[in-house]
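Letter by letter, the chains look like this.
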Amino acid sequence: MTNYKNRVLIFDTTLRDGEQSPGATMTHAEKLEIAEMLDDMGVDIIEAGFPIASEGDFKAVSEISERTKTASICGLARANVRDIDRCWEAIRHAANPRIHTFIGTSPLHRDMHSLTQDAMAERIHEAVTHARNLSDNVQWSSMDATRTEWDYLKRTVEIAIKAGASTINIPDTVGYTAPMESSDLIARLIADVDGAKNVVFATHCHNDLGMATANSLAAVIGGARQIECTINGLGERAGNTALEEVVMALRVRHDIMPWDTRIDTTKIMNISRRVAAVSGFPVQFNKAIVGKNAFAHESGIHQDGMLKNRETFEVMRPEDVGLSGTSLPMGKHSGRAALRAKLAALGIELADNQLNDVFVRFKDLADRKKEVFDDDLLALVHQNDAEDDRLRLKSLAVVCGTTGPQKADMVLEIDGKDASVSATGDGPVDATFNAVKALFPHDARLQLYQVHAVTEGTDAQATVSVRMEEDGRIATGQSADTDTVVASAKAYINALNRLLVRRERSAPGSDIKEVSYKDAGE
Ligand code: KIV
Ligand code: ZN
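On a predicted model such as this, the values are computed, not experimentally measured, just so you know. (Residues numbered from 1 in each chain as written. Chains lettered and ligands numbered in written order. Predicted model: local features only at pLDDT ≥ 70, side-chain atom pairs only at ≥ 80, totals over all residues. Heavy atoms only, no water.)

A few words on the overall build of the chain. Secondary structure summary: the chain contains 17 helices and 14 strands in total. Projected onto its principal axes, the C-alpha coordinates of the chain cover approximately 70 × 65 × 40 Å. Expressed as a percentage of contacts within the chain between residues at least 6 apart in sequence, the contacts between residues at least 24 apart total 67%. Across the chain, the 59 positively charged side chains and the 77 negatively charged ones have centroids separated by 2 Å. (Helix = DSSP H or I, 4+ residues; strand = E, 2+ residues; numbered from the N terminus. Contact = heavy atoms within 4.5 Å. Lys, Arg positive; Asp, Glu negative; His and termini not counted. Charge placed at Lys NZ, Arg CZ, Asp CG, Glu CD.)

Binding of the zinc ion (ligand 2) to the protein goes through Asp17 (OD), His204 (NE2) and His206 (NE2), at separations of 2.0 to 2.1 Å. Site description for the zinc ion (ligand 2): donor spacing in sequence, D-x186-H-x1-H. Separated by 187 residues along the polypeptide, Asp17 in helix α1 (residues 14-18) and His204 in strand β7 (residues 200-205) bring together distant segments of the chain. Given the relative accessible area of 0%, Asp17 is considered buried. (Donors = N, O, S within 2.8 Å, 3.2 Å for Na, K, Ca; no water. Buried < 20%, exposed > 50% of the residue type's maximum accessible area, 1.4 Å probe, protein only.)

Spatial strand order, β1-β2-β3-β4-β5-β6-β7-β8: eight strands in a closed barrel with parallel pairing. In this sheet, neighbouring strand axes are inclined to one another by 25 degrees on average, regardless of whether the strands run parallel or antiparallel. With four bridges connecting them, strand β1 (residues 9-12) and strand β8 (residues 226-229) associate as parallel partners. Counterpart to Phe11 in the pairing with β8 is Glu228. Strand contacts of helix α3 (residues 55-67): β2 (45-49) and β3 (72-78), with the helix running at about 150 degrees to β2, the strand carrying the most contacts. (Pairing = 2+ DSSP bridges. Axes fitted to C-alpha atoms, helices over the stretch in contact; angles between N-to-C directions.)

All right, on to the site of ligand 1 then. Around ligand 1 sit 11 residues in total, of which Arg16, Asp17, Thr173, His204 and His206 are the nearest. The contact in question runs from an oxygen atom of ligand 1 to an N or O atom on the side chain of Thr173, over 2.6 Å. Here an oxygen atom of ligand 1 sits 3.1 Å away from a polar atom, N or O, in the side chain of His204. Looking at the shell around ligand 1, the elements that each hand over two or more residues are α1, β5 (138-143) and β6 (167-172). Of the residues in the shell around ligand 1, the class split is three nonpolar, six polar and two charged. (Near = heavy atom within 4 Å. Polar contact = N/O pair within 3.5 Å; in protein donor to acceptor, adjacent residues only side chain to side chain. Nonpolar A, V, L, I, M, F, W, Y, C, P; charged D, E, K, R; others polar.)

With that out of the way, let us pick up the packing of helix α4 (residues 81-91) against helix α6 (residues 117-134). Closest axis-to-axis distance for the α4/α6 pair is 10 Å, and the angle between their directions is 25 degrees. The angle between α4 and α6 falls in the class roughly parallel. Along this stretch, α4 crosses α6, giving a crossing that reads as right-handed. Each of Val81, Ile84, Asp85 and Trp88 in α4 lies in contact with α6, whose residues at this interface are Ala127, His130, Ala131 and Leu134. Looking at the contact of α4 with α6 residue by residue, the class counts come to six nonpolar, one polar and one charged. (Parallel < 35°, antiparallel > 145°, perpendicular 65-115°, else oblique. Left-handed = near helix turned anticlockwise from the far one by under 90°.)

For the coordinates displayed, the defined rule picks out 35 salt bridges. In this structure, Lys490 and Asp481 form a salt bridge, with 3.9 Å as the shortest nitrogen-oxygen distance. (Salt bridge = Lys/Arg side-chain N within 4 Å of Asp/Glu carboxyl O.)

In this section: helix α16 (residues 428-439). For α16, with 12 residues, the first-to-last C-alpha span of 17 Å sits near the 16 Å given by 1.5 Å per residue. Buried within α16 are the following residues: Val429, Ala431, Thr432, Phe433, Ala435, Val436 and Leu439. (Expected span 1.5 Å × (residues − 1).)

Turning next to the pairing of strand β10 (residues 406-414). Examined bridge by bridge, strand β9 (residues 391-399) and β10 share eight bridges and lie antiparallel to one another. Bridged to Leu391 within β10 is Ile414. The hairpin formed by β9 and β10 contains six residues between the paired strands. Bridge count between β10 and strand β11 (residues 417-425): nine bridges; the pairing is antiparallel. Considered in β11, the bridge of Gln406 is made with Gly425. The turn linking β10 back onto β11 is made up of two residues, and Asp415 within it adopts a positive phi angle of 50 degrees.

Here the focus is the sheet that holds strand β12 (residues 445-453). Spatially, three strands are ordered β12-β13-β14 in an open sheet, and the strand pairing comes out antiparallel. Looking at which strands have only one partner, the edges of the open sheet turn out to be β12 and β14 (473-481). Ignoring strand direction, the axes of neighbouring strands in this sheet form an average angle of 15 degrees. Pairing between strand β13 (residues 462-470) and β14: nine bridges, direction antiparallel.

On to the state of the cysteines, then. Using the criterion set out here, one finds zero disulfides in the structure. Free cysteine Cys205: the closest other cysteine sulfur is in Cys229, separated by 10 Å. Judged by its relative accessible area of 2%, Cys205 is buried. (Disulfide = S-S within 2.5 Å.)

Time to look at helix α2 (residues 28-41). Relative to the 20 Å expected for 14 residues at 1.5 Å per residue, α2 spans 20 Å between its end C-alpha atoms, a close match to the ideal helical length. By the burial criterion, the buried members of α2 are Glu30, Lys31, Leu32, Ile34, Ala35, Leu38, Asp39 and Met41. Gly42 sits one or two positions beyond α2 and adopts a positive phi of about 100 degrees.

Tracing the backbone shows Glu89 in helix α4. With 322 residues separating them along the chain, Glu89 and Val411 place their C-alpha atoms 44 Å apart.

Here we take up the packing of aromatic side chains. Taken as a whole and judged by the stated rule, the model has three aromatic pairs. Measuring from centroid to centroid gives 6.1 Å for Phe359 and Phe362, while their planes differ by 40 degrees, and the two rings are tilted. Of this pair, Phe359 and Phe362 are both found in helix α14 (residues 352-368), three residues apart, which corresponds to roughly one turn of the helix. For the pair formed by Phe359 and Phe362, the shared burial category is buried. Taken together through their ring pairs, the aromatic side chains of Phe433, Tyr449 and Tyr492 make up a single cluster. Over the face of the ring belonging to Tyr152 we find Arg110, whose NZ or CZ atom lies 4.8 Å from the ring centre. Against the face of Trp150 rests Arg188, its NZ or CZ located 3.9 Å from the ring centre. (Phe/Tyr/Trp six-rings, centres within 6.5 Å; stacked < 30°, edge-to-face > 60°. Lys NZ or Arg CZ within 6 Å of the ring centre and 35° of its normal.)

On to the nonpolar core. In this structure, Leu38, Met41, Trp140, Ile168, Ile170 and Phe201 are the most contacted members of the largest nonpolar core, which totals 84 residues. For this core, the two domains that each supply at least three residues are domain 1 (9-279) and domain 2 (293-321). Beyond its immediate chain neighbours, meaning those up to four positions away, Ile170 contacts Ala145, Val157, Leu185, Ile186, Leu189, Phe201, Ala202, Thr203 and His204. (Core = buried A, V, L, I, M, F, W, Y, C linked by side-chain atoms within 4.5 Å. Domains from an automatic or database assignment.)

See the structure below:
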C-alpha cells in the first residue's frame, strides 16, 4: 500500500451521492464544470456518477473521464456484471479509472435482496473479481456497514480484499454511528482483517444525526485514509460529510489531527457557491465554513474583539477559504477591464465571449441598481440559458393591485417559436406560473418556491428557487433578477427545462431505465 501515514485522500461524491438527492439534478454541462472545479481544487478521487443509472449519467461519467487532468475518476456499480461492465465502459479512458462496487451487507439489506450470508459472500467475491479483471483500481463498499454484524462485516471485507479490492469503504449509510464507534470500527478492522495492511480504508458518512464530520474525522483517527464527502454536504436526507468541514478541520486542528490533504482551500467558497446554484440547494446562513454568516461578526463585543485581534473570535481567516475581504461595489460606469479584474478576484476566469455576455448583463443590472456587489455579480455570472433549453422567456408584464385577480401577459419561446398569452392568478407569481402552464401544458407539480434577497436594500436582486416534480422525477430551477416576478418566471421555466432534459434521458428506446443505487431488484 502507498504510504498514507500523513495523508488523507479526499474522495468527492457530489456528482454521485450529492446529485442523486431528490431535486439536486444537474445538467450535463454543469456536471462537467463541477468536475473541473473539483480537479482544480485538488480532490484525489472524483466519483463522477452511476453509469448504469441512465444514458445521461453514462455520458457525463465518460466525458469527465476523458477531460479530467489529475484526479482519479470513479464510477459506481452494484455488485453485478452488467453494472460493472457499464461502469468500466464509462471510465476506461480516464488517466486513473476506479470501479466502485457495493452491496448492502446488513441484515435488512440481505433480506431485501433475499440473500443468505453465504450467497451474498459469493456475490461479493464474483463482483470484485470481475471488477479486478477490468481494472487494478477497485473500491469495495459494504453498504450499511455500521449496522452489519461484526463477524459478517469482517468476512465481507476479507473476501473483497482477497478478490483484489485496493480500497475498502465502510459506509455509515443511514447516519447511525457516533464518533467513538466510528473510530473503533476502523481500528478493529485494520487490526483483525486479513490483508488489511495492503489496502486503504475509507469512511463514508451521512449526516442524519448531525455527526457526519465528527464521524469521518474519528474514522481517520482510527486509521481510515480516505474521506468520502460532498461540497456543502449535499446528499440525500440530511446529506453527506461536507468536504469543506473535514478539510478545514484537518488544517486548523493539525496539532491534534496531523494528516494533510491536497486541497487548495482558497477554492472552497467558489465551488460551494457554484454547487449551491446548480443543485438548487442553498447553503444555510450559519453553515460551518461556507455559510453567509460563517465569518460575520455582528455583536458589539465580537466586533470590538475582532478589531483588536481577529484571533479573538476567528479560528481561520476568510481568505483561507477564498473569501475576499471587504471590497468596493461596482457601478454603471465600471468598464469591462474592471469587471474582468473583479471576477478574477472572486476566482472566476471567463473566456472573452463569456465575459462579453456577462458584461451586457452587468450593464443591464447596473442601470437598475446603483451598487453592484460581489454577491450580485456571482448571481448574474451563471444566468445564461443552456443551449438546449426548449423554453425561453421573451417578455413578461404583470398587473398587480389590491383587488385581484392579478394578470400576467407573457411571450414564451417554445422550441424556437414565440407564443403569447394573458393569464390571471391569485397574486402576480401565481398569474405568471399560470401563463407558463397555459402556453406549455404540463403535469409537473410545484414542490417548492423560495425567494432570497442576494444583498440588502429594496433594489436588491432576488434569487428564486423552484422545485418541480413529475412522475417521481424532480428538478430544481433557479434565477436572479431585481424583479422578483421575473426571477420567479425564469426559475420556473428553468426547472421545466431541466425536467424535459431528464424526461429525454429516460425516454423509451433507451435500453437502460433510470435506476437508483437503492433499487433492490437487479
Ligand atoms: O451511503 C452509502 O452507503 C453509499 C454507498 C453506495 C457507498 O452511498
Ligand atoms: Zn452515501
